[in-house]
Amino acid sequence: MFNCAALQATHEVCEEEAMSAVFMFDGDDDDAPLGCQESNTVDGDKSKLKRPHVAEVDHLMSDDADSDDGKPIGLRKKAASERGGSASYEDSEDNKTLAARFLRVTRGGTSSVSIPSSKDKPVLPNNSNAIKRPCDSNNQPTSQSALKKAKCSDGTSSASASAKREPRAKDNGNDNIPLAQTRQTTGESSKRKDPLAKNIEKKSPSSSRDNIKGKAKKNSQLSKTTEACQGRKKWSTLVHNGVLSPPPYKPHGVQMLYNGQPVTLTPEQEEVATMFAVMKDTEYASKETFTNNFFNDWRNILGTKHVVKKFQHCDFTPIYEWHLQEKEKKKQMTTEEKKALREERVKQDDKFMWAFVDGVKEKVGNFRVEPPGLFRGRGEHPKMGRLKRRIRPSDITINIGEGAPVPVCPIHGESWKEVKHDNTVTWLAFWNDPINQKECKYVFLAASSSLKGQSDKEKYEKARKLKDHIHNIRVNYTKDFRSKDQAKKQIAVATYLIDKLALRAGNEKDDDEADTVGCCTLKVENVTCLPPNRLQFDFLGKDSIRYLNTVEVKLPVYQAIKEFCAGKHKGEAVFGKLDTNKLNAHLKDLMPGLTAKVFRTYNASITLDTILNKETEDATLLEKITVYQRANKEVAIICNHQRAVSKSHDSQITKLNEKIDELKALRDGLEVDLEKAKKGKPLGYDEDGKRKRNLTPEVLVNKISSVESRIQKMEIDMKTKEELKTVALGTSKINYLDPRITVAWCKTHEVPIEKIFSKTILAKFGWAMDVDPDFRF
DNA sequence: TGAGAAACTTAGCACCAGGATT
DNA sequence: AATCCTGGTGCTAAGTTTCTCA
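Residues numbered from 1 in each chain as written. Chains lettered and ligands numbered in written order. Predicted model: local features only at pLDDT ≥ 70, side-chain atom pairs only at ≥ 80, totals over all residues. Heavy atoms only, no water.

Turning next to the UniProt feature "active site" (unreviewed entry) in chain A. Taken from the UniProt record, the annotation "active site" (unreviewed entry) applies to Y736. If you trace the backbone, Y736 turns up in the loop between α21 (730-735) and α22 (739-749). With sequence-adjacent residues up to four places away left out, Y736 is seen in contact with Y460, R600, T601, A604, S605, C639, H641 and T731. A polar contact of 2.9 Å, which involves the side chain of Y736, links it to the side chain of R600. (UniProt positions renumbered as here; feature names shortened; annotations may be inferred. Helix = DSSP H or I, 4+ residues; strand = E, 2+ residues; numbered from the N terminus. Contact = heavy atoms within 4.5 Å. Polar contact = N/O pair within 3.5 Å; in protein donor to acceptor, adjacent residues only side chain to side chain.)

Structure (structure tokens):
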């Protein structure tokens, strides 16, 4: 594990300016996401999120859609030659050298982290099938792996990539078409027309199985080939051991009090009481919805005749205290005891942690069945506190390869709800969410699996493709701002907001969910028109995270929003004629496969690419990492990725301030000493009354400089800490930033990749590691 | 065409191991 | 050795998109 503490961002900030500046943004100069344009305070219940300083984003702001179009945001001022094969920013060394250098840096040295490779993946020794990953360049393509390989190939220009593409060219001769597009033409569009495809079209998890078993099975090879060509078939063989159920409840026998009297509870009743008792010190425990929901569900288990009737008379403290004791006991365990426990857990997990997909050993993501508990919804969720009952094998549907051994049901005498063999889906098991019966919980492969990697790559390829269409899309919606067709006009304005503010699509929500909105579901009270052309957005988005942002928009957009809201009452939708289906249907007309969320990926990745390539200089490693973190921060702000301020934040800042003060006092003292030393005078006495050792002016100058740099580092650390206290950097890194941008940048600038990506993220992005250093998003 | 189901991605937070500091 | 602090990871809630059916 590497130490990231030392990598704390040390970028410059101009906090006051950042807080007060109003970013001018007129209609002709607007190709940056507005998320980073306005001084912005996003301070939900938890935090204040500062918008970046002008200087940090002005390169994004300065692009001119009309004069310099067709290029992606932030890149428009760059010479065309900077893009494509002979990028002018590239390192002077040739690609091979860079690649070799990268390998040296990442695999060698003192780091214990190496780039994950398919070859490092553990395999079943007795498995005679091809064990290497389909995408592994060393793999001799079998008919099947060649097919998969074709799906994995991307449009990168590296030598290794082109070498990899060879089999694909043989396969379909479709080499120049971006992956997403390839999928589009061979997949979605054809599957609807192909009569054979209809046979394997799934109706529901169960009907799909029947289809495959019935028709597709009979049509065997031909049908399978068709499926594969269509990209519907996700695997050929799938072997796994099912899911790991939580251990049964162990009663503790500690009695809670009712009206001050100990109460006897059955294990089942005690289990639920304990779930509530251990949450005593959380915010949930003081929320009425939570306690009401808990009590209602608990009462059902207690039965009407039970002595416990009213929540107010319940005292769960004895159980809570028992819980604290247990926690303490666990804490007091010796290192060896903890280690033994851990090893036991690992041993138990091992059976369920792996699946074999087409003969390749892949990690399973969430193989543990969710244990029972009280539902912890986010925000003001109407169901918070409800009992999430225990999931039994009879609730669980298993998906496994035909002919593969069916996982043994963990409870004797019980059986799985169903066993299916659906190779058009990637889930290994699912059950219905006990809180919301119509929702399902799926067990998928881990993010490091090639199946997930493949779809990840397709996602970024689609976002890259948007780069080629974005100009037309912007021209298109700008034209429709003044459309007389209200539906058209609403689509145009909504698309503009999604593009510029990186808003989410905003599906309709039920009454039994937290009241949050996205673009299509914005309500009139979420938008305030501030003349002449500013809009203030204030709403709770996904996870009830507050989005608060004031932006200057194109005048027609401002007028349109004003018009949409006119005469409407609180609670009514701004975009009354719009929903995500209509919006996405329209987007698909503009670019195949385009949906609202692609804009978020596009804007995030293009922002990272632009900042990294514009701002990275020939600097120290630490400084280069700082550039990366600053870019990462920009993206997190654009996407409104927030986190709660840690409980200890204030005390940490106070401590840092105290330390800085101490160091400053030390420095001042040394400066006095220096003056004395220069004059040849004795240095006098220290605080303890001891005579100070005489030092030469040179030594003192060195000491002062050392203290000074420590002060500077601490001040920067503190600023960074303060700045990032509400910004979550991880979410964008994991979900929105094309890892190839990062890998290419690391190669070009000799930054070890593990300084940016943790071990887990490295494993997730294994598919991106061999990217050419010249790669640009 | 719209509703609802199914499948998958995106999200923040709790917890914990392990390094740094006292 | 005890405590603090941090980043990494697992967990699971909450989204989006796609598919199916009436």
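Here the structure, examined in full by the defined rule, presents 25 aromatic pairs. Considering the side-chain rings of F276 and F294, the 4.2 Å spacing of their centres and the 10 degrees angle between planes classify their relative orientation as stacked. Placement of the pair is F276 in helix α9 (residues 267-277) and F294 in helix α10 (residues 288-302), with a sequence separation of 18 residues. Judged by relative accessible area, which is 0%, F294 ranks as buried. With a centroid separation of 5.4 Å and 85 degrees between ring planes, the pair formed by F481 and Y496 is classed as edge-to-face. Within this pair, whereas F481 is found in the loop between α13 (450-480) and α14 (486-501), its partner Y496 is found in helix α14, the two being separated by 15 residues in sequence. A residue is classified by how much of its surface remains accessible, and F481, at 2% relative accessible area, is buried. Counting every residue linked through ring pairs, the aromatic cluster contains F276, Y284, F290, F294, F295, W298, F311 and F316. (Phe/Tyr/Trp six-rings, centres within 6.5 Å; stacked < 30°, edge-to-face > 60°. Buried < 20%, exposed > 50% of the residue type's maximum accessible area, 1.4 Å probe, protein only.)

Here we come to the UniProt feature "coiled-coil region" (unreviewed entry) in chain A. The positions UniProt marks with the feature "coiled-coil region" (unreviewed entry) are residues 646-680. For the annotated span residues 646-680, helix accounts for 86% and strand for 0% of the residues, and the straight-line distance between the end C-alpha atoms is 51 Å.

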